[in-house]
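Structural description and commentary
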Amino acid sequence: MKPGGYRYSLDTNLGIVLAGILVTALLATVVLAQLSESVWRHQATNAHLLLDQVARMAEEGNGTINDLNRQNREGCDSTLLSDLRRRLFFADHLRDIGYVRNGALVCSAVRGVLSTPIRMDSPDYQSFRGFKVWAREQFELFNRPIEATLAAKGNFMVIYDISSVLSLFSTPYHWQLVYQHDGRLAPVLGEQGVFRADTKTEAQIMSLSSHYYSTCSASYPYCVGVEVSNLALLKRFPGLLIMLAVACLLAGVATSVAITLLLRRHASPGNRLRRGIDNGNVYPLYQPIVNLQTGEVVGCEVLARFRDHQGALYPDQFIPLIAEMDLTWPFTRTIVTQALERLQQEPGLPDGFLVNINLYPSDIASGEVRDLATLEFIRGSRLQLNFEITEDQQLDSRIAHETLLWLRAQGYGLAVDDFGTGYCNLSHLRDLMCDTLKIDRSFITGIEEGGVRAAIAPIMVHLADELQLKVVAEGIENEAQRDIVLGLGVQYGQGWLYGKPMAEEDLVRVVERSIDYPGNAASVVNG
């Protein structure tokens, strides 16, 4: 070693360390600045979304109340209740509409005429337009206490559906919505004490402890304050600075990270799906559809599953991914091909057995489903193929309408799936040209215990009757639920009471036993 060599090496190493520290500090500063900007942007975006949502809710609620008061209705007769239920069905932000007399709720769209009117407490505030508002009113509904936001004026009141507002912010963000007018401040939603009344109309305040943002609506006297603790943000990203320092000091880490990312990308759900569609990793299972009157299994819904050498992907993982990756028609074509080729070979399935398969709205809108005409095993099939479609704006296009006409002309049935969870209204339901309406399981779950969503099920059945549609109730899990939907006039049912998704040989066995032992499909399936 030449003289000074060790010193040079030490200096170099120290320089590398110092450079790494400097780069780490610079990167940390940039990252923290970007993180802070991201926090402001998230707070501002969601705060404005919240105010816009509240404005739409207030506009719909106020308009509904004013329109009803102009009609000078008195008393809870069947005409009034029918009008309230019609308005509720077409409303976007309301959970209930009620008639108030002498400060007490007498009847409502969901609950009908109350045996004992519900006395309303004093409102939390009254708006400058004369509407009384209860921010978090406590009262009993179906023998259990609930908390809701109400507005009333004259003889009518509305209960708002605030779920979309409550979901805008999550931990670690804290927020509060307030009503502020003529120097008066009233808390509405969120956590008490978050909104700072001494701030400007729009404020951004950063301190050592937190990021605070507030803004007010331009159309209604509502303001919102959002605050997040800096410590909570750091806890949310605990390894950020450590990762930066290691990346600066050890070049080898970058290589290992790159290799890791490549391996992860290869093993990502998206790439597994892309390979799996071609390699036979997508396969169908079948859930029975039962005639509730006779107990006979008259059909099935085809449900896609995925499994490869890395294991299974759940439907809620791969179904959205397929749409994002524009693989909807290759995926659907694979499922249709496998399901029909297998089921048609089963002699235990009677002719005309219903086979329901879900279609992506994008494939209808693009017209790709017409590719069905090229599949030989579909033409002349002894099975009745029905397609389930979900409520989606893509179905409003001209091509989508023509595709639906083509499907009907080919003799395929059409069913609106998960009805009640989308934006479908009466006219749109007619435009879809369906012959079956499937009530989403969320309206069946807990129907035996009552509830606001459960109360909507009879309205859906009535709507289907008006349009002469068959009705399938999804998600039936017990005999109490079956008896209730059967009493509503629902013809068909589907759910775990009648069997979980199963292989074709199990389906055939269930169908044959339901024919041999009619009257109790649940015991046939589970016995």
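Computed from a predicted model, the values in this text were never measured in an experiment.

The next point concerns the sheet that holds strand β8 (residues 173-181). Taken together, the 5 strands give an open sheet; going across it, the order is β9-β8-β12-β11-β10, and neighbouring strands pair in antiparallel fashion. Each having just a single partner strand, β9 (184-190) and β10 (203-206) make up the two edges of the open sheet. Adjacent strand axes in the sheet meet at a mean angle of 20° when their direction is disregarded.

Position of V39 relative to the elements: it lies in helix α1 (residues 5-70). Judged by relative accessible area, V39 falls into the buried class, the value being 2%. Taking C-alpha positions, V39 is 9.8 Å from Y173, a pair spaced 134 residues apart along the chain. Leave out the neighbours within four places in its chain, and V39 touches Y173, H211, V228 and L233.

Glancing now at the nonpolar core. The biggest cluster of nonpolar side chains holds 78 residues, and the ones touching the most others in it are L372 and L407. Discounting chain neighbours no more than four positions away, the residues touching L407 are L359, V369, L372, F387, Y412 and L414.

This brings us to unusual backbone geometry. Going from T171 to P172, the amide bond is cis rather than trans, its omega being 10°. By the element assignment, P172 lies in the loop between α3 (163-166) and β8. Of note in this structure, N72 is not a glycine but carries a positive phi near 55°. Its location among the elements puts N72 in the loop between α1 and α2 (78-90).

The two faces of the sheet receive side chains in turn, since in a regular strand these alternate between them. With burial as the criterion, each face of strand β19 (residues 436-439) is covered, one bearing T436 and K438 and the other bearing L437 and I439. Two elements, strand β18 (residues 413-419) and β19, share 3 bridges in a ladder whose sense is parallel. Within β19, the position partnered with A415 by the bridge is T436. With 4 bridges connecting them, β19 and strand β20 (residues 470-473) associate as parallel partners. Counterpart to K438 in the pairing with β20 is V472.

In this structure the tally under the stated criterion is 19 salt bridges. Among the salt bridges present, the one from R70 reaches D67, with a minimum N-O distance of 3.6 Å. Taken as a pair, R70 and D67 lie in helix α1 at a separation of 3 residues, close to a single helical turn. When its relative accessible area of 26% is taken as the criterion, D67 is described as partly exposed.

Further remarks concern the state of the cysteines. Inspection of the entire model under this criterion finds 2 disulfides. The disulfide bridge from C76 ends at C107, spanning 2.0 Å between sulfur atoms. Across the S-S bond of C76 and C107 the torsion is about -85°, and the bridge reads as left-handed. Of this pair, C76 sits in the loop between α1 and α2 while C107 sits in strand β2 (residues 104-108); the two residues are 31 residues apart in sequence, bridging distant segments of the chain. The class for C107 is buried, based on a relative accessible area of 0%.

Further remarks concern the confidence of the model for the protein. Residues of the protein with pLDDT of at least 70 account for 82%, and the chain-wide mean is 82. Strand β13 (residues 282-291) holds the highest mean pLDDT among the elements of the protein, 95, whereas helix α16 (residues 521-526) holds the lowest, 52.

Conventions used here
Residues numbered from 1 in each chain as written. Predicted model: local features only at pLDDT ≥ 70, side-chain atom pairs only at ≥ 80, totals over all residues. Heavy atoms only, no water. Pairing = 2+ DSSP bridges. Helix = DSSP H or I, 4+ residues; strand = E, 2+ residues; numbered from the N terminus. Axes fitted to C-alpha atoms, helices over the stretch in contact; angles between N-to-C directions. Buried < 20%, exposed > 50% of the residue type's maximum accessible area, 1.4 Å probe, protein only. Contact = heavy atoms within 4.5 Å. Core = buried A, V, L, I, M, F, W, Y, C linked by side-chain atoms within 4.5 Å. Salt bridge = Lys/Arg side-chain N within 4 Å of Asp/Glu carboxyl O. Disulfide = S-S within 2.5 Å. pLDDT = per-residue confidence, 0-100.

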